[in-house]
Amino acid sequence: MFSHVMLGSNNIERAKLFYDAVLGVLGAGEGYHNVAPTGHKRLFYRHDGNSFGVTEPINGELATYANGGTIGFKCHSSEQVQQFHDVAIAHGGTSCEDPPGLRDGSMGAMHLAYVRDPDGNKLCAVYRVK
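Residues numbered from 1 in each chain as written. Predicted model: local features only at pLDDT ≥ 70, side-chain atom pairs only at ≥ 80, totals over all residues. Heavy atoms only, no water.

**So, unusual backbone geometry**
The phi dihedral of Asp48 is positive, around 50°, even though this residue is not glycine. Considering the arrangement of structural elements, one finds Asp48 in the loop between β3 (41-47) and β4 (50-55). You can call Asp48 exposed: its relative accessible area is 64%. In this structure, Glu97 is a non-glycine residue whose phi angle is positive, near 60°. (Helix = DSSP H or I, 4+ residues; strand = E, 2+ residues; numbered from the N terminus. Buried < 20%, exposed > 50% of the residue type's maximum accessible area, 1.4 Å probe, protein only.)

Below is the structure:
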């Protein structure tokens with residue numbers, strides 16, 4: 001459904017340290033630097049045909065997180081969900097919502113972990129129980 005997801009950051013080098021570690025848990029390689037035609041710094045990660053980017057805002061204003069927005073990352077096990085969470089916290093993220101663990105609701109059983117990156121963007125690691 002999506003070609004890519006892009007988040008804003010006020011500190012690309014800090015974001016790179018965070019996302020290299022966190023997305024490394026999922027098997028994504030190190031992010032690569034890119035400079036937009038406007039001169040703004042960006043990072044791109046590619047994994048399993050998907051793209052994830054982090055950019056300085058092109059309008060020159062501060063990056064802000066989406067209130068109510070969440071980016072979900074698919075994991076392959078409950079252990080990977082927990083590792084995603086723990087690595088995020090170890091690299092400057094903060095835990096949010098309920099502690100990582102199994103939730104059983106109207107969308108079925110799934111393991112979830114919610115964190116905020118150093119810029120406040122909300123991320124979710126999810127493993128859907130089969």
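Once you've had a look at it, read on.
**Things to note about the packing of aromatic side chains**
Scanning the model with the defined rule gives seven aromatic pairs in all. With a centroid separation of 6.0 Å and 35° between ring planes, the pair formed by Tyr32 and Phe44 is classed as tilted. Taken together, the positions of Tyr32 in strand β2 (residues 32-35) and Phe44 in strand β3 put the pair twelve residues apart, joining distant regions of the chain. Judged by relative accessible area, Tyr32 falls into the partly exposed class, the value being 38%. Through a chain of ring-to-ring contacts, three or more aromatic side chains come together here, namely Phe18, Tyr19, Tyr45, Phe52, Phe73 and Phe84. Sitting over the face of the ring of Tyr65, Arg116 holds its NZ or CZ atom 4.9 Å from the ring centroid. (Phe/Tyr/Trp six-rings, centres within 6.5 Å; stacked < 30°, edge-to-face > 60°. Lys NZ or Arg CZ within 6 Å of the ring centre and 35° of its normal.)

**Structural notes on the sheet that holds strand β1 (residues 5-8)**
The strand order across the open sheet formed by four strands is β1-β4-β3-β2, and the pairing between neighbours is mixed. Each having just a single partner strand, β1 and β2 make up the two edges of the open sheet. Along the sheet, successive strands turn relative to each other by an average axial angle of 25°, direction set aside. Judged from the six bridges that link them, β3 and β4 form a sheet pairing that is antiparallel. Bridged to Phe44 within β4 is Gly53. Sitting on the sheet, helix α1 (residues 12-25) is in contact with β1, β2, β3 and β4, with an inclination near 10° to β3. (Pairing = 2+ DSSP bridges. Axes fitted to C-alpha atoms, helices over the stretch in contact; angles between N-to-C directions. Contact = heavy atoms within 4.5 Å.)

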